[in-house]
Amino acid sequence: MQACLLAAQKIMEKRTIIIDCDPGIDDSLALMLALVSPEIRIAGVTVASGNVPADLGGKNALKILKFMGQLDILVYQGAMVPLKREYISAQDTHGMDGLGESGISEVTEASVHLGAVDFILDTLKKEEKVSIIALGPLTNLALALKKDPLAFQNLEMLVSMGGCFKSYGNCSPVAEYNYWCDPDSAEYVYQNLGKKIHMVGLDVTRKIVLTPNILEYMKRLDQEEHQNRGAFVEAITRFYFDFHWNYEGLIGCVVNDPLAVAYFLNPKLCGGFDAYVAVETGGISIGQSVVDSMDFWKKKPNAHVLTWADSLGFWSMFLSRLYGRGEEGIRQILKELMNL
Ligand code: RIB
Ligand code: CA
């Protein structure tokens, strides 16, 4: 009897996480996935300036929480500017409102709190184990690490959507936005965290494309399940579709951030290798995550760099959880839709 109780207890044990983000269209999809995943308890959402300034990002996080019916989760605004660099937003990609010019109404039932850095430190000190899923520039984490490095002893896992290994950058030939926006914070965290950072870079997130087919399937599931999550996703990604067509000739949009959440939930969705990583903080390749895959520098690996991702597995998880349906049936339909 004891064994089954322990097994049941293990199943019920939720993993506590903080989501640090810059919502942002793909951050919003990542939040949606986390909010429908029973394995995790979101202690709070912290926001830094990235896609949009942190004050706007905080309000956007509230919009997602309200849509998903979970405004009980608190949002904390953090760094308004990067550690050293001049702040450059990504509103050209995410829209001036940060949610694809979707015009979603402001949330009046809740407000954004200040003090993201202290919230991160208090949570790390209060909880036995906390993981952080970082979906934006690492400014809040760098400030927290500088302020109280010992608090990070309770950090179970840091998953960071950022960087790139062999894939080309999206802000320069070699740099990905999150690490390019605040390279000094990224470098500080990689060199001082003292635990391996799970780097969910463009090498893997570029495999996760929201196509018109998948979006249409979501809208059909809306009708059957009487939800409008597909319509909501369409509303916030329309602008993103246009951006991808205009700049990458892609029909669809790369959704980077939700893969970081999916990987946290099921690490088997991705694979990679341990390596030492440094982030360039100046010059022509500023923001580049330099991955020492051949161990030239003989430095202790500080990262687990992901190099492949199971896109069918990701979309099966994303849709089955968003609609509360069995994964196998959805996987079979997705295989057809994704021509796999
Ligand atoms: O480069 C992609 C990353 O930068 C994503 O997290 C996106 O939301 C932006 O923050
Ligand atoms: Ca982001």
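Throughout what follows, the structure given in this document is the object of discussion. (Residues numbered from 1 in each chain as written. Chains lettered and ligands numbered in written order. Predicted model: local features only at pLDDT ≥ 70, side-chain atom pairs only at ≥ 80, totals over all residues. Heavy atoms only, no water.)

### Quick word on helix 10 (residues 212-225)
Turning to step 1, where the next piece is worked out: For helix 10, with 14 residues, the first-to-last C-alpha span of 20 Å sits near the 20 Å given by 1.5 Å per residue.
Turning to step 2, where the next piece is worked out: Of all the positions in helix 10, only I214, L215, Y217, M218, K219, L221 and D222 are classed as buried.
Turning to step 3, where the next piece is worked out: Against the buried residues of helix 10 lie strand 8 (209-210), helix 11 (229-248), helix 13 (311-322) and helix 14 (327-337). (Helix = DSSP H or I, 4+ residues; strand = E, 2+ residues; numbered from the N terminus. Expected span 1.5 Å × (residues − 1). Buried < 20%, exposed > 50% of the residue type's maximum accessible area, 1.4 Å probe, protein only. Contact = heavy atoms within 4.5 Å.)

### With respect to the packing of aromatic side chains
Turning to step 1, where the next piece is worked out: Per the stated rule, a full pass over the model turns up 10 aromatic pairs.
Turning to step 2, where the next piece is worked out: Judged by centre distance (5.3 Å) and plane angle (65°), the ring pair of F165 and F273 falls under edge-to-face. Of the two residues, F165 sits in the loop between strand 6 (155-161) and helix 7 (177-181) while F273 sits in strand 10 (residues 270-279), which places them 108 residues apart along the sequence.
Turning to step 3, where the next piece is worked out: Using a relative accessible area of 22% as the deciding quantity, one classes F165 as partly exposed. (Phe/Tyr/Trp six-rings, centres within 6.5 Å; stacked < 30°, edge-to-face > 60°.)

### Section: the pattern of salt bridges
Turning to step 1, where the next piece is worked out: On inspection of all chains with the given rule, the structure shows 18 salt bridges.
Turning to step 2, where the next piece is worked out: K129 is the salt-bridge partner of E156, the closest N and O atoms lying 3.7 Å from each other. Of this pair, E156 sits in strand 6 while K129 sits in the loop between helix 5 (116-126) and strand 5 (130-134), and the two are 27 residues apart along the sequence.
Turning to step 3, where the next piece is worked out: When its relative accessible area of 51% is taken as the criterion, K129 is described as exposed.
Turning to step 4, where the next piece is worked out: Across the salt bridge formed by K219 and E234, the nearest N and O atoms sit 2.8 Å from each other. Note that K219 is positioned in helix 10 and E234 in helix 11, a separation of 15 residues in sequence.
Turning to step 5, where the next piece is worked out: Several salt bridges converge on common partners, so that one network encompasses E216, K219, R220 and E234. (Salt bridge = Lys/Arg side-chain N within 4 Å of Asp/Glu carboxyl O.)

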